[in-house]
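Fold and contact review
One-letter residues, chain by chain:
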Amino acid sequence: MKLRTSSGKRRTLLLSAATAGVVVAASIAVVGTAEAASTLGASAAQTGRYFGAAIAAGRLGDATYTRILNSEFNAVTPENEMKWDATEPARGSFNYNGGDRILNQGVAMGAKVRGHALLWHAQQPGWAQSLTGSTLRSAAINHVTQVATHYKGKIYAWDVVNEAFADGGSGARRDSNLQRTGNDWIEAAFRAARAADPNAKLCYNDYNTDGINAKSTGIYTMVRDFKSRGVPIDCVGFQSHLGTTIDSTYQANLQRFADLGVDVQITELDVQQGGNQANIYASVTRACLAVARCTGITVWGIRDSDSWRSDNPLLFDGSGNKKAAYTSVLNALNAGGNTNPTTPPVTPPVTTSPPPQTGSGCTATVSLNSWNGGYVATVRVTAGSSAVNGWTVNVTLPSGGAVTGTWSATNSGTTGTVSFRSVDYNRQVPAGGSTEFGFQGTGAGPGATPTCTVG
Ligand code: 9MR
């Protein structure tokens, strides 16, 4: 009797495993068709990346929310549920209810789960806010150890430390109770996280770092120092809470961190609605695709009504409809990019054409980020001694090459000599000032300096 029962159970298990195998095989077969690339996650996966959303446990009962989440995204970040105040409300007493709900949702989706955030000056429980010195340091390190151990093996990447640098031009650390425990608190946190969960990627995450500026340079210097001293850091998160513009050095900034030997991720993307929202979303997406070590993008919420912001910054409206920004991201993802985010580009990543002659009118230079068979070109248009109101840049491509996508300009033609015209928001360039546009193409990319004419 016992034997039969046991073999009966085994049969059931084998059958369900076989059924699962069929399901898996079927879904693999779908990947690679045009249909599979009609969602953000599937499109990002085509270049080995993820496309994620910050989610809230309290919204998982909303049918529209979970429908979009399940169909569009292949990574999740808890918006609040894994923060210090949520996970250790009383010292030494841990609560993983909310965090586990997010984790389970991610696991059920087959998604990557980003852990956010082990240590941060904000959203600390009251008991930690009132600690100082070595008592706070040991409580903080214990927190890192306990939470990272609870989620060991289940988290793709942890934001180990969040927002530890000051805004403004100093490039220095932000003052906080954690900072006052000693400048080495960040590396102590990274070491504790590595010891607790050796397989999670360990990230530093911050905002207002979405271009080359004093704050991002402060962080860059810290990461370079960590790498040189063997402090375990694997990735840097760029939150990318953006307004109506994107910094012209956005991609170059990601690249300089990647060149230090860390992955980069866009971790909390949202963009103010108005004028340029769709273009800015597309530019961020293209920048990530152009940087081999940019492993994925996370938007900070699903529908505008789910956002912490009130300026409708997300990809779906309050009713769950796809916005223009959604389409521009999907198109950018489908246009592709560097197809293996863990392998550096085959050709040297950045080449810049010789500096142009100055004078009146305008000039243009092109920078290429190339890989085998394709490239992203960033073109800088500079006005001469007079202001420019409208410009046209002509770029000559080698034969066999073609433009496959353009941003912040409109192009006529895609092969041979291609003309790029300014768009409304970048046609006016002050005397001596400059603006940028970009395009993606197949083949080797333009070899010669582009020409620029006014009008
Ligand atoms: O979106 C989060 C919001 O629900 C919380 O009230 C807020 C509390 O500080 O944190 C928001 O998320 C932040 C993230 O954890 C870190 N970067 C900035 C995000 C927006 O404020």
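Above this text is the structure in question.
Scoring rules and cut-offs
Residues numbered from 1 in each chain as written. Predicted model: local features only at pLDDT ≥ 70, side-chain atom pairs only at ≥ 80, totals over all residues. Heavy atoms only, no water. Near = heavy atom within 4 Å. Polar contact = N/O pair within 3.5 Å; in protein donor to acceptor, adjacent residues only side chain to side chain. Areas by Shrake-Rupley, 256 points an atom, 1.4 Å probe, with all protein chains shown as cover. Nonpolar A, V, L, I, M, F, W, Y, C, P; charged D, E, K, R; others polar. Pairing = 2+ DSSP bridges. Helix = DSSP H or I, 4+ residues; strand = E, 2+ residues; numbered from the N terminus. Axes fitted to C-alpha atoms, helices over the stretch in contact; angles between N-to-C directions. Salt bridge = Lys/Arg side-chain N within 4 Å of Asp/Glu carboxyl O. Buried < 20%, exposed > 50% of the residue type's maximum accessible area, 1.4 Å probe, protein only.

In the vicinity of the ligand lie 13 residues, with E79, K83, H116, E163 and E268 positioned nearest. Measuring from an oxygen atom of the ligand, one finds a side-chain N or O atom of K83 at 2.7 Å. Contact distances for the ligand include 2.9 Å between an oxygen atom and a side-chain N or O atom of W300. Protein chains bury 74% of the 450 Å² of accessible surface belonging to the ligand in isolation. Taken together, the residues of the shell around the ligand sort by class into 3 nonpolar, 6 polar and 4 charged.

Moving on, we get to the sheet that holds strand 17 (residues 417–421). Strands sit in the order 16-17-14-20 across an open sheet of 4 strands; the sheet is antiparallel. Pairing within the sheet leaves two strands with one partner each, and these edge strands are strand 16 (410–412) and strand 20 (451–454). Between one strand axis and the next, the sheet turns by 25° as a mean value, whatever way the strands run. In the sheet, strand 16 pairs with strand 17 via 3 bridges, with the strands oriented antiparallel. Its bridge partner lying in strand 17, S412 is registered against S419.

A separate point is the pattern of salt bridges. Taken as a whole and assessed by the stated rule, the structure comprises 18 salt bridges. The partner of D306 in a salt bridge is R59, and the shortest N-O contact between them spans 3.1 Å. Placement of D306 in the loop between strand 9 (294–299) and helix 12 (324–335) and of R59 in the loop between strand 1 (50–55) and helix 3 (63–72) is noted, with a sequence separation of 247 residues between them. On the accessibility criterion, D306 (4% relative accessible area) is buried. For D184, the salt bridge identified is with R137, shortest N-O distance 2.6 Å. In this pair, D184 is assigned in the loop between strand 4 (157–162) and helix 8 (185–196) and R137 in helix 7 (residues 133–150), connecting sequence segments 47 residues apart. For D184, a relative accessible area of 37% corresponds to the partly exposed category. Here R137 falls in the buried class, since its relative accessible area comes to 18%. In this structure, a network of salt bridges that share partners links the residues R59, D62, R303 and D306.

The values reported here are purely geometric and, on their own, carry no functional implication.
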